[in-house]
Amino acid sequence: MGKLTPYKFCELYKMSSGISSKPEQAGHGAPFLSFSTVFNSYFLPETLPDLMDSSDQEQKRFSIKQDDIFLTRTSEVVDELGMSSVALKDYPKATYSGFLKRLRPIHPKKTCPKFMAFYLRSPLFRKTITYNTVITLRASLNEQMFSYLDLLLPQYEDQIKIGEFLYLLEKKIVLNNRICSKLESMAKTLYDYWFVQYDFPDQVGEPYRASGGKMAFNSNLKREIPEGWEDKQLDQIANITMGQSPSGESFNETGDGTVFFQGSTDFGWQFPTIRKYTTQPTRMAKCGDILLSVRAPVGDMNIANQDCCIGRGLAALNSKDGFDGFLFYVMKYFKKIFDRRNCEGTTFGSITKGDLHSLPLAYPPKEILEKYDKVVSKYNRMIFLRSMENLNLIQLRDWLLPMLMNGQVTLK
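Residues numbered from 1 in each chain as written. Predicted model: local features only at pLDDT ≥ 70, side-chain atom pairs only at ≥ 80, totals over all residues. Heavy atoms only, no water.

- The chain is annotated in an unreviewed UniProt entry as Restriction endonuclease subunit S of Pseudodesulfovibrio cashew.

**Points about the sheet that holds strand β7 (residues 84–86)**
Here's step 1: The sheet built from four strands is open, its strands ordered β2-β9-β5-β7 with antiparallel pairing. Either end of the sheet is taken by a strand with one partner, and the two such strands are β2 (13–17) and β7. Going from strand to strand, the sheet's axes swing by 25° on average, the running direction of each strand aside.
Here's step 2: By the bridge criterion, five bridges tie β2 to strand β9 (residues 100–105) in an arrangement that is antiparallel. If you follow S17 over to β9, its bridge partner there is K101. (Pairing = 2+ DSSP bridges. Helix = DSSP H or I, 4+ residues; strand = E, 2+ residues; numbered from the N terminus. Axes fitted to C-alpha atoms, helices over the stretch in contact; angles between N-to-C directions.)

**Some remarks on the domain arrangement of the chain**
A common way to state how big an interface is: give the accessible area lost once the parts meet.
Here's step 1: When its domains are assigned, the chain resolves into domain 1 (5–153), domain 2 (162–209 + 364–411) and domain 3 (230–363).
Here's step 2: For domain 1 versus domain 2, the separation of C-alpha centres amounts to 30 Å.
Here's step 3: Opposite the 10 residues of domain 1 that make contact, domain 2 presents nine residues.
Here's step 4: Taken together, both faces of the contact between domain 1 and domain 2 bury some 980 Å²; the carbon and sulfur share is 78%.
Here's step 5: The partner of E164 in a salt bridge is K114, with the nearest N and O atoms 3.1 Å apart.
Here's step 6: At the boundary of domain 1 and domain 2, one finds two residue pairs in polar contact (both at pLDDT 80 or more).
Here's step 7: Counting residues per element, the side of domain 1 that touches domain 2 draws most heavily on helix α4 (residues 113–119), which supplies four residues.
Here's step 8: Looking at side-chain class alone, the side of domain 1 that touches domain 2 contains seven nonpolar, one polar and two charged residues. (Domains from an automatic or database assignment. Contact = heavy atoms within 4.5 Å. Buried area = accessible area lost by both parts, 1.4 Å probe. Salt bridge = Lys/Arg side-chain N within 4 Å of Asp/Glu carboxyl O. Polar contact = N/O pair within 3.5 Å; in protein donor to acceptor, adjacent residues only side chain to side chain. Nonpolar A, V, L, I, M, F, W, Y, C, P; charged D, E, K, R; others polar.)

**Quick look at the side chain of T111**
Here's step 1: Considering the arrangement of structural elements, one finds T111 in the loop between β9 and α4.
Here's step 2: Engagement of the side chain of T111 in a polar contact is seen with the side chain of Y13, the distance being 2.9 Å.
Here's step 3: In contact with T111, not counting residues within four places along its chain, are L12, Y13, M116, L153, Y156 and Q159.

**Brief notes about the sheet that holds strand β23 (residues 314–319)**
Here's step 1: With antiparallel pairing, four strands are arranged side by side in an open sheet as β15-β23-β20-β21. Edge positions in the open sheet fall to β15 (238–242) and β21 (301–303), since each of these has one partner strand only. This sheet shows a mean twist of 25° between the axes of neighbouring strands, independent of strand direction.
Here's step 2: In this sheet, β23 lies alongside β15 in antiparallel orientation, the contact comprising five bridges. Residue pairing in the sheet places I240 in a bridge with L317 of β23.

**Digging into the pattern of salt bridges**
Should the charged atoms of two oppositely charged side chains come close, the side chains can pair.
Here's step 1: Inspection of every chain in the model, using the stated rule, returns 11 salt bridges.
Here's step 2: The partner of D398 in a salt bridge is R397, and the shortest N-O contact between them spans 3.1 Å.
Here's step 3: Under the relative-accessibility criterion, D398 is labelled partly exposed at 38%.
Here's step 4: A network of salt bridges, in which partner residues are shared, links E170, R397 and D398. (Buried < 20%, exposed > 50% of the residue type's maximum accessible area, 1.4 Å probe, protein only.)

**Considerations on the packing of aromatic side chains**
Here's step 1: Within this structure, the stated rule accounts for 28 aromatic pairs.
Here's step 2: Seen in terms of ring centroids, F195 and W229 are 6.1 Å apart; in terms of plane orientation they differ by 50°. Their pairing is tilted. With F195 in helix α7 (residues 156–196) and W229 in the loop between β13 (223–226) and β14 (230–233), this pair connects stretches of sequence that are 34 residues apart. With respect to burial, F195 and W229 carry one shared label: buried.
Here's step 3: Taken together, the aromatic side chains of Y191, W194, F195, Y198, F200, Y208, W229, F326, F328, Y329, Y363 and Y372 make up a single cluster linked through ring pairs.
Here's step 4: Above the plane of the ring of Y42 lies R121, whose end atom (NZ or CZ) is 4.9 Å from the centre.
Here's step 5: One residue, K276, lies across the ring of F251, its end atom 5.0 Å from the ring centre. (Phe/Tyr/Trp six-rings, centres within 6.5 Å; stacked < 30°, edge-to-face > 60°. Lys NZ or Arg CZ within 6 Å of the ring centre and 35° of its normal.)

Below, the structure written as structure tokens:
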């Protein structure tokens, strides 16, 4: 690789502010780029998930074109400031949020957009953002800060090679996530049919309730359930371990001791992200356990991909009967109830041990659980394997990224 060349960020891009919109404009109209879409993606998705009612003039002024870079403009924490996402195509009629800054390239042949997507999320640039941010009430990215940010870039041809390589890794990660989401959606749909609507296959393969299967009123659950089913509490079907935080003096980030997860802030798409270790583990979760957030947001879940220590924000669950797939979607069902109660004004800041253990549910006979597990365990196995593959790809990307950016590693 040739030498790295220093640039002023503002010499390569023109910065523009986003649209100032009113709440009544949201949810309908033309495509709209939000803070969360930028924060969660290296590249803008094929279709923007949000809508905003905007005029022709606003669509022209706040346009989104190929090679534009968007940065998060403001946040309460510096870690969420200056997160980037790159447009790889034009988005006709789309506008972008006032919580974002748009960077439009001035010299297209000096920066490769795919390379910039990874450069701006590299530890090198993230440190630059951190060191240059002044927090009053909220961290903020403005034109003044933009004017003194420096970039250290390789030659344009090298940027293309690095950008294409990392982009292929990212495409594989996104594809795996899409497949996992689809598989999880299929398992959840099956759970809803069988255990919420009670249309599991009867003895001749017909949907039970829709075919006139017998129902009986259950006084504990205060609703009808299929004849032969039982009402149970969560602690009757699951081994539950409530988390307990070790002494703060035992924490370290150097890998000494046992992996430690405090709460849902450590959660990823499927597996938690390792940030801390403890030399004095207290409550442990086993590999494969469901990790449940017991503090706001109550009900969020991940899967432990290794034995780990869990803090007060988490509980670990596994099935007493070996039906972990069923238990996982039972907890997904409870999560919907928690969310609904939050929307109705009953805020769940946390859930106690007693409340968690006594959550009631309708429990089907073993043969139905075995049929469900036979299908869903295949989905779960595929989700686990693809999620582990993603974990390895992300580790490879994050290991290579700084070395590719500073020229220690070259691509041919």
